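Examining the three-dimensional arrangement
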Amino acid sequence: MEFSIKSGAPQTGRNGCVIAGVFDSRKLSAAAAALDRAAKGQLSALLRRGDMEGRLGTTVLLHDVPGIASGRVMLVGLGPQDNFREKQYREASAAAIRALNATGADEAAFQLTELAVGRRDAAWKVAHAVMIASEGAYRFTRMKSKNDGPAPSLRRLALHVDRSTDRRAAAGLQQGLAVAHGMDLAKDLGNLPPNVCTPTYLAEQARELGRRYRMKVTVLERADMEKLGMHTLLSVAQGSAQPPKFITIEHYGGSKKNKPVALVGKGITFDTGGISLKPGAEMDEMKFDMCGAASVLGTMKAVGEMKLPVNVIGVIPTTENMPGGRATRPGDIVKSLSGQTVEILNTDAEGRLILCDALTYVERFEPAAVIDIATLTGACVIALGHVATGLFANDEAIAREVTAAGDAAYDRVWHMPLWDDYQEQLKSNFADFANIGGRPAGAVTAACFLARFTKRYRWAHLDIAGTAWKSGREKGATGRPVPLLTQFLVNRSQKRK
């Protein structure tokens, strides 16, 4: 889809459809009022007849309205004006895009970007409009022999802003496009079946990003990992015929004196649970267990497109977790890259085993901060549902920074405790500690396990088990938390300036 920034009177632009908002109690937005004046009161007359009240997310489509150059006028309900904030803006925008895609219009003028949305500026409104429109256009049809659904007709969207904000709006457009493209990559990787999206495939995608955006990519093989001593990662890979990979992708857009941010993504391309086998119901969704890795690649794509002036290292430990004669057993003890030993009480708690070696490995980059991203625990889904990502951190400043980025990106997190009290649950009689701490506070004890490997840098952990994909009729990867991670890096680049 093509996007552009426009200004000017909404009634004069010639395109397939012009979109304007109506607040609750039939109050016209400024753009809708301008259209109504050009139409000599036809829109307000329609509202008085009760065709629309302005309830959030409702739409009315009109054709060939006199005095208006566009062939269609779409009115979108915005809800109460005194309660119009980020959530309402995004919901109204999504409703407009859905309704627009059901028409035959291939181009439209989007006037909702002129609305006041709390303290958000033109860049924010444009970026989010782009991401929402791109989300509405996304279809995953790669594995189908024929496309069994209609493709969205919308091809071009003009985002209208006040002329004085053109410069900020252009920056928002650039960021919105980059994030949307990064999310599309993350969703594609998550939605691919596990017989296609293997560790080797992820390594190939990283190399392709490296070639496209001139990033350095390194892929360690099993022998390399054995030589380094990544035995917790390799313990997960033992039961699989697919070779594990350890991927690093490096972007140096900032000064050489600036330490990098490291993003570490869990890349379990299929998780059976290993010997601690999962129930069969919904096991197909365990192809999404590499969404942490997908979000790292998606974020690196966004960084590359924006040529962001920051230094970023993407790190992806990736393998399958399969049962078999060579698979790791409950009760096995393995030695991590850090030298600490782990008693594996449950082979389905495998994500932390591949991440802990990666978190030790990133020390060599002397990072300014490290964020790991993982579909780590079902317990986090029980705690937070599918709205907020779980955030854990060993530093309050980085926790605030991640939270602020999530709020700006509307890819929100909730800060969870990481107190030493919970470490007691990981005690082992036979090793330095165990890989699980029992049912109570399962998301917290998983984070406490990872915290044992992050003492040499500032670190945040994102448990995306509830936010990385949807189940049911809308089953599919969401692309989260690419918006959050990209915003975090954008904020850092602006601080450097």
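Refer to the structure printed above.
Scope of this entry: the structure provided in the associated data block. (Residues numbered from 1 in each chain as written. Predicted model: local features only at pLDDT ≥ 70, side-chain atom pairs only at ≥ 80, totals over all residues. Heavy atoms only, no water.)

As a further point, take the sheet that holds strand β18 (residues 433–434). With mixed pairing, three strands are arranged side by side in an open sheet as β13-β14-β18. In this open sheet, the two edge strands, each paired with only one partner strand, are β13 (333–335) and β18. (Pairing = 2+ DSSP bridges. Helix = DSSP H or I, 4+ residues; strand = E, 2+ residues; numbered from the N terminus.)

Take the pairing of strand β2 (residues 18–23) next. Buried residues dominate β2, accounting for six of its six residues. Because side chains alternate across β2, one face comprises the buried residues V18, A20 and V22, and the other comprises I19, G21 and F23, equally buried. Relative to strand β5 (residues 72–79), β2 is paired through six bridges, and the arrangement is parallel. In the sheet register, V18 faces β5, and the bridge partner there is V73. Summarising the sheet, β2 and strand β6 (residues 107–110) pair through two bridges and their orientation is parallel. Following the sheet pairing, I19 is matched in β6 by F110. Here β2 folds back onto strand β3 (residues 27–28), and the loop between the two strands holds three residues, one of which, S25, carries a positive phi near 65°. (Buried < 20%, exposed > 50% of the residue type's maximum accessible area, 1.4 Å probe, protein only.)

Let's shift gears to the environment of A99. Relative to the helices and strands, A99 resides in helix α3 (residues 86–101). Judged by relative accessible area, A99 falls into the buried class, the value being 19%. Sequence-wise, A99 and D348 are 249 residues apart; in three dimensions their C-alpha atoms are separated by 43 Å. Excluding residues within four positions of it along the chain, A99 makes contact with T59 and M74. (Contact = heavy atoms within 4.5 Å.)

Before going further, it helps to spend a moment on the nonpolar core. Membership of the largest hydrophobic core comes to 62 residues, with the highest contact counts inside it found for L263, I371, V402, L462 and L489. Here the element with the most residues in this core is helix α9 (residues 291–306); it accounts for nine residues. Beyond its immediate stretch of four places on either side in the chain, L263 contacts V296, T299, V312, I313, G314, V315, I371, I373, L485 and L489. Residues F246, V342, A374 and L418 belong to the second largest nonpolar core, which totals 45 residues. (Core = buried A, V, L, I, M, F, W, Y, C linked by side-chain atoms within 4.5 Å.)

Running from N to C, helix α4 (residues 122–137) and helix α5 (residues 166–191) point in directions that differ by 30°, and their axes come no closer than 7 Å. With respect to α5, the axis of α4 lies roughly parallel. α5 is crossed by α4, and the crossing has right-handed handedness. In contact with A122, A123, V126, A127, V130, M131, S134 and E135 of α4, α5 contributes R168, A169, G172, L173, G176, L177, V179, A180, M183 and K187. (Axes fitted to C-alpha atoms, helices over the stretch in contact; angles between N-to-C directions. Parallel < 35°, antiparallel > 145°, perpendicular 65-115°, else oblique. Left-handed = near helix turned anticlockwise from the far one by under 90°.)

Burial analysis of strand β9 (residues 245–252) places seven of its eight residues in the buried class, which makes it a mostly covered element. Where strand β8 (residues 216–220) and β9 come together, five bridges link them in antiparallel fashion. In the sheet register, L220 faces β9, and the bridge partner there is F246.

A few words now on the packing of aromatic side chains. Inspection of the entire model under this criterion finds nine aromatic pairs. Just above the ring of Y410 sits the side chain of R412; from NZ or CZ to the centre is 4.2 Å. (Phe/Tyr/Trp six-rings, centres within 6.5 Å; stacked < 30°, edge-to-face > 60°. Lys NZ or Arg CZ within 6 Å of the ring centre and 35° of its normal.)

Another point: the side chain of K187. One can find K187 in helix α5. For K187, a relative accessible area of 2% gives the class buried. Residues within four places of K187 in sequence aside, it is in contact with E135, Y138, A477, T478 and G479.

This part takes up helix α6 (residues 199–213). Across its 15 residues, α6 extends 21 Å between first and last C-alpha, which sits within 8% of the 21 Å expected from 1.5 Å per residue. The set of residues buried in α6 consists of P199, Y201, L202, A203, A206, L209, G210 and Y213. Its buried side turned inward, α6 meets α5, β8, β9, β11 (267–271), α9 and β12 (311–321). Phi turns positive, to about 55°, at R214, one or two residues after α6. (Expected span 1.5 Å × (residues − 1).)

Once that is clear, we can look at the packing of α3 against α4. Contact geometry for α3 and α4: axes closest at 9 Å, N-to-C directions at 40°. It follows that α3 is oblique to α4 by the angle criterion. The handedness of the crossing between α3 and α4 is right-handed. Judged by residue contacts, E86, Y89, R90, S93, A94, I97 and N101 of α3 engage W124, K125, H128, A129, I132, A133 and G136 from α4. By residue class, the composition of the contact of α3 with α4 is seven nonpolar, four polar and three charged. (Nonpolar A, V, L, I, M, F, W, Y, C, P; charged D, E, K, R; others polar.)

Per the counting criterion, the structure on display carries 23 salt bridges. The salt bridge involving E91 is made with K87; its shortest N-O contact spans 2.4 Å. Remark: K87 and E91 occur in helix α3; sequence separation between them is four residues, near one turn of the helix. Across the pair K187 and E135 runs a salt bridge whose closest N-O atoms are separated by 2.7 Å. Of this pair, K187 sits in helix α5 while E135 sits in helix α4, placing them 52 residues apart in sequence. The exposure class assigned to E135 is partly exposed, which follows from its relative accessible area of 40%. (Salt bridge = Lys/Arg side-chain N within 4 Å of Asp/Glu carboxyl O.)

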